[in-house]
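Observations on chain architecture
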There are 2 protein chains.
Amino acid sequence: MLVNDRLLRALHRKPVDKTPVWMMRQAGRYLPEYQALRQSAGDFITLCQNPEFVTEITLQPVRRFELDAAIIFSDILVIPDAMGLGLDFIAGEGPYFQRPLHREHDIQGLRALVDLEDRLHYVMEGIHLTTTALEERIPLIGFAGAPWTLACYMLEGRGGGNFLKARMLLAEKPALMQHLLAVLAESVAAFLYQQWRSGASVLMLFDSWAGLLPGWAMDMCCIDPIKVIVSELRRRTFPEPVPIIVFCKGAGQHCTELMRTGCDALGLDWTTSLGWAKEQTQQRVALQGNLDPAVLLLDDIPAIHAQVDRVLADYGAGPGHIFNLGHGIMPTTPVSNVQCVVDRVHEQSSAFHTGQEKHGCGTNTAIDF
Amino acid sequence: MLVNDRLLRALHRKPVDKTPVWMMRQAGRYLPEYQALRQSAGDFITLCQNPEFVTEITLQPVRRFELDAAIIFSDILVIPDAMGLGLDFIAGEGPYFQRPLHREHDIQGLRALVDLEDRLHYVMEGIHLTTTALEERIPLIGFAGAPWTLACYMLEGRGGGNFLKARMLLAEKPALMQHLLAVLAESVAAFLYQQWRSGASVLMLFDSWAGLLPGWAMDMCCIDPIKVIVSELRRRTFPEPVPIIVFCKGAGQHCTELMRTGCDALGLDWTTSLGWAKEQTQQRVALQGNLDPAVLLLDDIPAIHAQVDRVLADYGAGPGHIFNLGHGIMPTTPVSNVQCVVDRVHEQSSAFHTGQEKHGCGTNTAIDF
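About the criteria used
- Residue indices begin from 1 for each chain and proceed along its sequence in written order.
- Going through the entries in the order they are written, you letter the chains from A and number the ligands from 1.
- Reporting of local features is limited, given that this is a predicted model, to residues whose pLDDT is at least 70; pairs of side-chain atoms are given and counted only at 80 or more, and all residues count toward the totals for whole chains, interfaces and linings.
- Numbered from the N terminus, helices here are DSSP runs of H or I no shorter than four residues, and strands are runs of E no shorter than two.
- Each radius of gyration reported is based on C-alpha atoms, and the globular scaling rule is 2.2 Å times the count of residues to the power 0.38.
- The exposure scheme places C-beta atoms from the backbone and then counts, for each residue, the other C-beta atoms within 10 Å of its own, assigning buried at 20 or more, exposed at 12 or fewer, and partly exposed in between.
- Residue pairs qualify as contacts under a 7 Å threshold applied to their C-beta atoms, which are placed from the backbone.
- Gly is put with the polar residues, along with every residue not named as nonpolar or charged; the nonpolar set is Ala, Val, Leu, Ile, Met, Phe, Trp, Tyr, Cys and Pro, and the charged set is Asp, Glu, Lys and Arg.
- Between N-to-C directions, angles cover 0 to 180 degrees, with each direction set by a line fitted to C-alpha atoms, over the stretch in contact for helices.
- For classification, angles of less than 35 degrees are called roughly parallel, those exceeding 145 degrees roughly antiparallel, those between 65 and 115 degrees roughly perpendicular, and all remaining angles oblique.
- For any helix crossing, the convention is left-handed if the near helix is rotated counterclockwise from the far helix by under a right angle, and right-handed if that rotation is clockwise.
- The atoms used to superpose the copies are C-alpha atoms, taken from residues with pLDDT of at least 70 in both, and the fit is least squares.
- Strands were regarded as paired on the criterion that DSSP finds at least two bridges between them.
- With the strands pointing away from the viewer, any crossover whose connection runs clockwise from the first strand over the helix to the second is right-handed.

We now examine the overall build of chain A. Looking only at helices and strands, chain A features 17 helices and nine strands. Over its C-alpha trace chain A gives a radius of gyration of 19 Å, about what one expects of a compact globule, namely 21 Å for 369 residues. Referenced to the eigenvectors of the C-alpha coordinate spread, the extents of chain A come out at roughly 60 × 45 × 40 Å. Buried residues in chain A amount to 54% of all 369 residues. Across chain A, every contact between residues at least 6 apart in sequence was considered, and the portion connecting residues at least 24 apart equals 74%.

Dropping the structure here:
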């Protein structure tokens, strides 16, 4: 029984008093207390792999702002790392793998993670410690990278480009790509299930590079693997299936197909109109998003307010909106602007939630918590 | 009267014997004869500003491959350069401006180009020389950057990022952004008109960063300025309006709205299905695209063939398809793969064009050439 269950209610498209708000990368580099920990305690991977630091960092933004959810401090690339690819970070350049999937043989030999409770123990322990510390005040979101996005990094060995190697493999050997995605889907499902067992009450999939997929491969590489993961999680968490948010960046045009993965909410980047997506999906899923993170760089409070108000109005009245950015908070974001957005969402959104009990929630078939 | 008028016929959705094919950046770095000219004659800007070199480089791919169109060798950033921003290129990093639009005052003071026949004379002269050299064998495409994409570079001063400055200005001072876009739309229309007068028989607009626009600003920043340009060009080239191709990368989901700009064809990147877009636009515009340029990096002819065939099948039977890539040819592309694609399109596409005369072309209201 959470003290603040706005996020869960929104995920189930039930009435709320105010639109719940949290932000992708809310725990991270824009916060001075995070920077201080980086200085004193070690690099990003060291922090990620230490459950005490994970807990501390996850809680940092929750102490500052009235957020309606926490999200565990981790990285989408911990699964490939646990598979033996050797995750590392180059300062200023981002992640790379010491042993990317170079040869066909590497891919064919890849098997789903079986010992993830061991290899990713630090994530589960971080979730356990964090949920204990949160004392049921707000829900904790667990997450993973979706198979296509993980495959992009595993084949390219690093980010920063256009993931040509993944796009080439897809065109040349689609069956091999399917094998890779199937192995990853199985691993991701198992990993997210363990996160739920450790205390995460919402799960989120990040397909950060879905927007690079050729149209013909969208089903095969993005939607189908996610469908496998969602079904498996729903089956394993029956009769109270864990709510799942699917965020496929750059793929808002496919929102109706994405809804058919069986997820509870779709994350939308800032390029897709919430109003349009709501119309397309007919409120059969909740929608999460979608303020342009560039807005948080402005030194202009009225302009930030206007943009928050625009997002709220774009979704409009009715349940099922989770306020978020369309992408992660940028490291140069002033802390006071995050405060400004969180407060504005809570202040302005109640007008969109008056008299909702009478409206009902459409075709909502979700389980009551 | 062109010897090969496949492109013009496809633009007017008239029957053709084979699907016309050309490729974005077909004149460029992947060609050894271009590299040789770079070595002997000078850097990119030197080549761009010399009409003889422009002609030579534009013709280089036409000599090698059976392309159905040539596109003038130039750059989308010549307009801001002519406006005084000082275009330069850093080796390996791309374009930058010596004098970007830093202050509000810079933007407010910006006026549409009036002396472009003088300042961009090198483009018109290059077009004139090239059309003379082409001897009416194939059409020559003239082009320009669309206002939003030009604004992105002019505000940021360079490429390579996510154009945060343009996104911030848009959120903070939308009226100032509108002023900038209006000035650019007027300049682009005048520039394209001059290209047509100099001999270009098709014009193309590149909105390369349309995919960065927030949903709410799509009309204001992309569609409306393009509509202004298209109307102006149709008016000034009446009663035989010049055919116009609009390519808004990352904005395939908006294809029906983009069609309403009055253009003759929409370019589509590789992430949007041609079949889906054809259904959406009901063949009221031609569609251009959309092979993933990553496919041209494969050392696997059967795989390249399969991908070409997939694009042809995705568009299917009927007039109005212009085969192209979903983005420019990459510099590391083997020349033989470009040959392979051009030949495959011509070989395989005739099957999609049998008996078309009987079908008619839907609501085609285009002028007969």
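Another point: the interface of chain B and chain A. Put simply, an interface is often sized by how much accessible area is lost when its parts join up. If you look at the interface, chain B gives 27 residues, while chain A gives 27 residues. Sorting the residues of the side of chain B that touches chain A by element identifies α10 (164-172) and α15 (301-315) of chain B as the ones contributing at least two each. Counting residues per element, the side of chain B that touches chain A draws most heavily on α10(B), which supplies five residues. Its residues assigned to classes, the side of chain B that touches chain A comprises 13 nonpolar, eight polar and six charged.

Let us now look at the packing of helix α14 (residues 274-281) of chain A against helix α15 (residues 301-315) of chain A. Residue and element names in this part refer to chain A. Here α14 crosses α15 at 20°, and the two axes come no closer than 7 Å. For the element pair α14 / α15, the angle class is roughly parallel. Note that α14 runs across α15; the crossing there is right-handed. Only Val-311, Asp-314 and Tyr-315 of α15 make contact with α14, whose side of the interface consists of Leu-274, Gly-275 and Lys-278.

For the rest of this paragraph, the subject is the relation of the copies chain B and chain A. It takes a turn of 180° to lay chain B on chain A, together with a shift of 0.0 Å along the axis; the resulting RMSD is 0.0 Å. Between the two chains, the operation in question is that of a two-fold axis. Minimal C-alpha separation from the rotation axis in chain B is found for Gln253(B), amounting to 2.8 Å. The residues that chain B uses at the interface reappear at the interface of chain A in 100% of cases, marking a shared surface.

Looking now at the environment of Asn324(B). All names here are of chain B. Secondary-structure assignment places Asn-324 in strand β9 (residues 321-325). In the structure, Asn-324 is positioned 206 residues away from Asp-118 in sequence and 33 Å away in space, judged by C-alpha atoms. Those residues in contact with Asn-324, other than ones at most four positions away along the chain, are Trp-22, Met-23, Met-24, Gly-267, Gln-288, Gly-289 and Asn-290.

So, on to the pairing of strand β8 (residues 286-291) of chain A. All names here are of chain A. Judged by how many residues are buried, β8 sits mostly within the fold: six of six residues are covered. Two elements, strand β7 (residues 265-267) and β8, share three bridges in a ladder whose sense is parallel. Within β8, the position partnered with Ala-265 by the bridge is Ala-286. A crossover connection joins β7 to the parallel β8 through α14; in handedness this β-α-β unit is right-handed.

Glancing now at the pairing of strand β3 (residues 94-97) of chain A. Residues and elements named next belong to chain A. For strand β2 (residues 87-90) and β3, the ladder comprises four bridges, and the chain directions are antiparallel. Note on β3: the bridge partner recorded for Leu-87 is Phe-97. Joining the antiparallel neighbours β2 and β3 is a turn of three residues, in which Gly-92 adopts a positive phi near 80°.

Next up on the list: unusual backbone geometry. Cis peptide bonds are those with omega within 30 degrees of zero, and the linkage from Phe238(A) to Pro239(A) qualifies with 5°. Checked against the element boundaries, Pro239(A) lands in the loop between α12 (218-236) and β6 (244-248). Phi at Gln283(B) takes a positive value of approximately 55°, unusual for a residue other than glycine. Its location among the elements puts Gln283(B) in the loop between α14 (274-281) and β8 (286-291). The partly exposed category is assigned to Gln283(B), around which 17 C-beta atoms lie within 10 Å.

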